[in-house]
Structure formats: structure tokens, C-alpha cells
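Listed below are the residues making up each chain.
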Amino acid sequence: MILKVFSNLDDVLKCCFPAVITSLTTYPVDEGTAVAVFGFAGRVHDQHRCAFAWGRADNTCEPPRAHGRMREVDLGCGKALLIKEGGEFYAMGHKCPHYGAPLVKGVLSKGRVRCPWHGACFNIGTGDIEDFPGLDSLPRFQVKIEKEKVYIRASKQALQTQRRTKMMAKCISLSNYNLSSTNVLIIGAGAAGLVCAETLRQEGFSDRIVMCTMDRHLPYDRPKLSKSMDSHPEQIALRPKEFFRTYDIEVLTEMQAAAVDIKNKTAVFKDGFKMEYNKLLIATGNTPKALSCKGKEVENVFNIRTPEDANRVVKLATSKNVVIVGASFLGMEVAAYLTERAHSVSVVELEEVPFKKFFGERVGRAVMKMFESHRVKFYMQTEVSELREQEGKLKEVVLKSGKVLRADVCVVGIGAVPATGFLKQSGINIDSKGFIVVNKMMQTNIPGVFAAGDAVTFPLALRNNKKVNVPHWQMAHMHGRIAALNMLAHGTEISTVPYLWTAMFGKSIRYAGHGEGFDDVVIQGDLDELKFVAFYTKSDEVVAVASMNYDPIVSKVAEVLAAGRAIRKRDVETGDMSWLTGKGS
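Residues numbered from 1 in each chain as written. Predicted model: local features only at pLDDT ≥ 70, side-chain atom pairs only at ≥ 80, totals over all residues. Heavy atoms only, no water.

- The name given to the chain in an unreviewed UniProt entry is Apoptosis-inducing factor 3, with the source organism recorded as Gallus gallus.
- Its UniProt record, at the heading Function (unreviewed entry), says of the chain: "Induces apoptosis through a caspase dependent pathway. Reduces mitochondrial membrane potential."
- According to its UniProt record, the chain has this under Subcellular location (unreviewed entry): "Mitochondrion". (UniProt positions renumbered as here; feature names shortened; annotations may be inferred.)

1. Some points on the overall build of the chain
Reasoning step 1: Of the regular secondary structure elements, the chain holds 12 helices and 39 strands.
Reasoning step 2: Within the span of the chain, comprising 585 residues, buried residues form 56% of the whole.
Reasoning step 3: Expressed as a percentage of contacts within the chain between residues at least 6 apart in sequence, the contacts between residues at least 24 apart total 61%.
Reasoning step 4: Accessible surface, the chain: about 25100 Å² in total, of which carbon and sulfur atoms supply 46%. (Helix = DSSP H or I, 4+ residues; strand = E, 2+ residues; numbered from the N terminus. Buried < 20%, exposed > 50% of the residue type's maximum accessible area, 1.4 Å probe, protein only. Contact = heavy atoms within 4.5 Å. Areas by Shrake-Rupley, 256 points an atom, 1.4 Å probe, with all protein chains shown as cover.)

2. A closer look at the pattern of salt bridges
Reasoning step 1: Counted under the stated rule, the structure contains 25 salt bridges.
Reasoning step 2: The closest approach of N and O atoms between E146 and K144, which form a salt bridge, is 3.5 Å.
Reasoning step 3: Owing to a relative accessible area of 37%, E146 belongs among the partly exposed residues under this scheme.
Reasoning step 4: Among the charged side chains, a salt-bridge network with shared partners connects D136, R163, E198 and R239. (Salt bridge = Lys/Arg side-chain N within 4 Å of Asp/Glu carboxyl O.)

3. A word on the sheet that holds strand β34 (residues 466-468)
Reasoning step 1: On the basis of which strands lie adjacent, the open sheet formed by 3 strands has the order β31-β33-β34 and mixed pairing. Across the chains shown, the open sheet's two edge strands, defined by having one partner strand only, are β31 (436-437) and β34.
Reasoning step 2: In this structure, strand β33 (residues 456-460) lies alongside β34, joined through 3 bridges in antiparallel fashion. Of the residues in β34, the one forming a bridge with F458 is V468. (Pairing = 2+ DSSP bridges.)

4. A closer look at the environment of H98
Reasoning step 1: Here H98 lies in the loop between β7 (88-93) and β8 (107-109).
Reasoning step 2: Residue classification places H98 among the buried positions, given a relative accessible area of 15%.
Reasoning step 3: Dropping the residues within four chain positions of it, H98 is found in contact with H118, P133, G134, W473 and W501.
Reasoning step 4: Of the polar contacts made by the side chain of H98, one reaches the side chain of H118; its length is 3.2 Å. (Polar contact = N/O pair within 3.5 Å; in protein donor to acceptor, adjacent residues only side chain to side chain.)

5. Section: the sheet that holds strand β38 (residues 531-538)
Reasoning step 1: As summarised here, the arrangement of the 5 strands in space is β35-β36-β39-β38-β37, forming an open sheet in which the pairing is antiparallel. The open sheet terminates on both sides in strands that have one partner only, identified here as β35 (499-504) and β37 (520-526). Taking each pair of neighbouring strands and ignoring which way they run, the sheet shows an average axis angle of 15 degrees.
Reasoning step 2: Summarising the sheet, β35 and strand β36 (residues 507-513) pair through 6 bridges and their orientation is antiparallel. The partner of L500 across the bridge, within β36, is Y511.
Reasoning step 3: Strand contacts of helix α11 (residues 553-562): β35, β36, β38 and β39 (541-548), with the helix running at about 160 degrees to β39, the strand carrying the most contacts. (Axes fitted to C-alpha atoms, helices over the stretch in contact; angles between N-to-C directions.)

6. Digging into the packing of helix α3 (residues 191-202) against helix α10 (residues 473-487)
Reasoning step 1: Relative to each other, α3 and α10 sit at 40 degrees, their axes nearing to 7 Å. With respect to each other, α3 and α10 are oriented oblique. Where α3 crosses over α10, the two elements pack in a sense that is right-handed. Mapping the contact onto sequence places A191, A192, V195, C196, T199, L200 and Q202 in α3 and W473, A476, H477, G480, R481, A484, L485 and M487 in α10.
Reasoning step 2: Across the contact of α3 with α10, the residue classes break down as 10 nonpolar, 4 polar and 1 charged. (Parallel < 35°, antiparallel > 145°, perpendicular 65-115°, else oblique. Left-handed = near helix turned anticlockwise from the far one by under 90°. Nonpolar A, V, L, I, M, F, W, Y, C, P; charged D, E, K, R; others polar.)

7. Re unusual backbone geometry
Reasoning step 1: Residue P133 follows F132 across a cis peptide bond; omega there is 20 degrees.
Reasoning step 2: Relative to the elements of secondary structure, P133 occurs in the loop between β11 (129-131) and β12 (140-146).
Reasoning step 3: Of note, the amide linkage connecting D551 to P552 takes the cis form, showing an omega dihedral of 0 degrees.
Reasoning step 4: Mapped onto the elements, P552 comes out in the loop between β39 and α11.
Reasoning step 5: Residues other than glycine seldom take positive phi values, yet K147 does so here, at roughly 50 degrees.
Reasoning step 6: Its place among the elements puts K147 in the loop between β12 and β13 (149-155).
Reasoning step 7: When its relative accessible area of 79% is taken as the criterion, K147 is described as exposed.
Reasoning step 8: With a phi angle near 65 degrees, N465 is a residue other than glycine that sits in the positive phi range.
Reasoning step 9: Position of N465 among the secondary structure elements: in the loop between β33 and β34.
Reasoning step 10: Residue N465 is classed as partly exposed on the basis of its relative accessible area, which comes to 35%.

8. Quick word on α10
Three or four residues apart is the spacing at which side chains of an α-helix point the same way, because the helix has 3.6 residues per turn.
Reasoning step 1: Over its 15 residues, α10 runs 22 Å from end to end, which matches the ideal 21 Å to within 8%, given 1.5 Å per residue.
Reasoning step 2: When you tally the buried positions in α10, you get 15 out of 15 residues, the bulk of the element.
Reasoning step 3: A489 sits one or two positions beyond α10 and adopts a positive phi of about 65 degrees. (Expected span 1.5 Å × (residues − 1).)

9. Some points on the pairing of strand β26 (residues 384-390)
Reasoning step 1: Sheet topology places β26 next to strand β27 (residues 393-399); 6 bridges connect them, and they run antiparallel. Its bridge partner lying in β27, Q390 is registered against K393.
Reasoning step 2: Between β26 and β27, which pair antiparallel one after the other, the connecting turn spans 2 residues, and E391 there sits at a positive phi close to 55 degrees.

10. Some details on the nonpolar core
Considering soluble globular proteins, one finds that nonpolar side chains tend to be buried as a cluster.
Reasoning step 1: Core analysis: the biggest nonpolar cluster contains 79 residues, and V113, L185, L281, I282, I436 and F458 have the highest contact counts within it.
Reasoning step 2: In terms of residue count, α10 provides more of this core than any other element does, 8 residues in total.
Reasoning step 3: The contacts of L281, once residues within four sequence positions are left out, are L185, I186, I187, A192, G193, C196, F450, A451, A452, A483 and M487.
Reasoning step 4: Within the second largest apolar cluster, 52 residues are counted, among which are I236, V314, A317 and I509. (Core = buried A, V, L, I, M, F, W, Y, C linked by side-chain atoms within 4.5 Å.)

Shown next, in the form of C-alpha cells:
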């Protein structure tokens, strides 16, 4: 153990706590633990305290004063996040377990910290993850106050790993089942399916759990297929093989569901295998749309569905001509990733600018300009009429405008449809677009049958319980958790704020809320400099926010929305951010 007493306020807590540190001493205590001791005397002036009000992310924006304080502290063998809120001190891991974001640059609000990058939330008292993305929680460190000193006691291992997997049960009743029956069957092994299985074990569920997936692989980080295309399956695995063995979560790969018999509680698979269940989660995600033009069968035309697809595209695209059909999130991320590898990258899109329906025309045009500065060529307001081949392989992409593009590889990103065709005769309620309809507890119309992820519509509290489809990574995690809790009859309703991100050329756009049907966009900052906040409004209300180079504004707005507070259009038009602290409407 190492004991440290820090003497310099600037080095340790700067101005986030109401005292001045007075002494510094270091001496060894034992091997496995680090202890930091902060000695205090006197009070910090108000102007010092408010300089660190938000644990600001950078100099891109001046955040308003927060109700709590956060500070990274170095314990010698690793860092901890020291927090003061409501007169109490807390300490826990300082990095988000998802992608390692520094939580000190995030948002502290009402007993939890929200990640500045992707919106995951952690309870400051327990370190438990409360909103997603990511699977692990944070280690929590012991804090003790004695004689005007704050003591932090932390495991060296926890300081180094900066993550904690919750305690989980194991299966104690496998002998009660044959190979073709289980208590919980999960069809789909994406984020929703995996979080459902893990949540069941975390809640003490000790019966059999079986997950079935069309993939060849164990659950993996699907967003990286377009953001980090040369990643191998083992590099993006969400959990190692040993995890599934340890916690008795069985995963059957290359298993495609063909039908569900709700009367006999049986799932039928394409190879004829049948599995009986007591509770069922359907989390099959979506299926990419394919081109319907002449020559669609030609070789080297891809939907990015698996790690093998992504790896193959990177290999084929190197020093070659690439055509991306569809300026979707997937299409634009693939275009950005391939720019430095390919000889040329062209994007074909029906709309006037990329992301017009999602981010609005002005933001879309700024993004388009960024791509053009990286040599990406756009062909807008047109579509593909033909794919031409030479010796069976793609040679040219012909557009309806008459333009002919040289192409050695083509990636199609024109949207997706829910992978629910196998449910058509099941009796499970499917809407006109093929989405599974669920309630706030992720329950379908059939008792014991739940659904989650990209294939569902659910009531979104943020939009007055309007039934929506939110096909994003964070939401799939939360769906899986809510489904698991309600399989166990907890009666938990979903109330999360949608949060997503896209990454292109080393820059990220972060987004929170649900802006479908927005009628105006209020922009603060400079679009040309790619340093902005965009507020999406419907009538007089802000329904979503996006930003680039303005962290942690999206996470802050997400916390306001999560608290159920309305943000009015007039609040964001003036540039006055007092509403962020509850002083506005």
C-alpha cells in the first residue's frame, strides 16, 4: 500500500472542494492497495470554485456552474475520480469502461456521472453502470474523512483495469434440461441479447440461458465494422469465450430462426433444430437493404454485415476505386475510413446533402464539405441504374444521371429492414413496416415473449410515449436490460434518452434525443470550423441536440432531458445556457 498526502491544491483538487491542502508525505504500507490522504485547512474562494464547476472538457465552451465537483487524482499506481456532491465525497474509476473516455470531462448530476463521449452513466455511490453503451461498471474506492483529511483507499488492480464486472450467478439446473429446452431463449446475440443475458445473471437468475445467433462469432462491437474496418473478430469481441463458460451463458452460432410457435413455446431454426423455452427474447436486429438494379449479382459488391465483410472491403479497396451507395451513417463512416487507403472514393446519394433527414441541411452540408476536403467525390440526387462487370467482377457503376464511375469495389449503405420475416405467422404483433411492437417493459402481445433492439418499436417517454424505432447501439443495450428485469417480473419501464455518435476523420458528432419530424435547427458555434451545437426543435420544444468539438454539451443536454425538463426553443436561440442549470424553463 502507498500512502500519499498531497499539499498542492492545484496538483490535486484545484478548486473543486472547499478547503486548501496543507501537507505532502509518501511512505509504503503494503503491496495491494494505494491510499491517498488529502489534508485540508481553510476555505476556497467562490471565484476559484466556479472555475472548475463542470470539470470542463476543453476550451471549446464555457460550461455553467454545476451542483457538484469532480477531479482526477493520481494515487501513484493509477488514477481515481474524486467527487463531491451533496456534501459527500465519493471515489471511483476515472475512465469510462466503454472506450476509455475521461469521466472528469463528463457531467455530474443527481448521483451519477455521464460519459462525455457516448453517454454511459455510472452511479457515484456504487460505480454501477446505469445507462449505456458498455457492459462493465466502475470500481468504487473507499473514502473516509478524519480530522479535515479525505482518505481514498483503492485496489492497485482496480486502478489499473478501471473496470468492474458485476457479480453474476451461474446455472445450477442444467441437469433438468435436455439439449432442446431452456428456461430463457435469446434469438440474436448483439448488444440487446448479451445485456439481457448478463442482467439476468446479475440479478441472481440461476436457470439455463441459451443465445442463438446467425453470426459465426460470439457477440462483438458491431459499430466498429464501419469505424475500424480492419479489426479482427477477436479484437472487437464484447466478452471472451471464458466469460460465457464462467457464467453459463450458452451461445449457439450460425443458427438462423425460421419460425416461432407461441402455442408450444418453441423456436424452429432453418436447419430443423427446435428449442423449447419458458421466456423468449427476440433481438434479431435488421437486414441491410440490397440494390435492385441491373448487375446486382456482380462480385465485389458488399453490405457490411460481418467482420469478414469489413476486412474484405479494406483489402479490395487498397489503391483501388471505391463507390459507396448511400450517404448513411454506415456509408459515410466507410467512406471516411477508406479515403487514405483507396485510390478514389465516391459517394452516391438520393438526397441533396448527407444526413439531411437526421442532422438537417446545414449540418449535412458542413459534413459534406469536410469529406470533400479529404478527396471524397459526391454524386447527389441520383441513384445506381446498373453495375457493370468484367470477368465477373465489378468494373463500373452507372448512375441514372448518365454518369459512369470506375469501381473495383462497391459498398451499399441504403438502409435496413427489421429481420422479423420469420415471425409473420407467429401471432406476435408486427407493424406494417415489419417492426415488433412492444410496451415500456419490452413485452410483446404474447405473455413471456419480449423483444429488443433495432427490430422493435417502443414508447419513448421523451416524445410523450410515441411508438418509435431507435436503431442505435446504446438503445439496444438498454432494451436488453429492461427485458431481462421484466422477465424477472420487476415491472421496470424504459425511460432512457437516446444517445448516439458517428466518427469520421478523427472527429465525432454526438447526438442525444429523438429529432424525428424536427421543423427547425438552431445552431450555436461555427459550422465552417466544425465547432458547433445544433438544437433540433419541433414547434417550441427542443427534441434533440448534436455537437462537434463541443463536449460535454450533448451529455449535459441528455441529463436535462432525462430529468424530464422541457427545453424551449427560445432558451437556445439566445445563446444563454442558464437553462442547463435549471435556471431557465
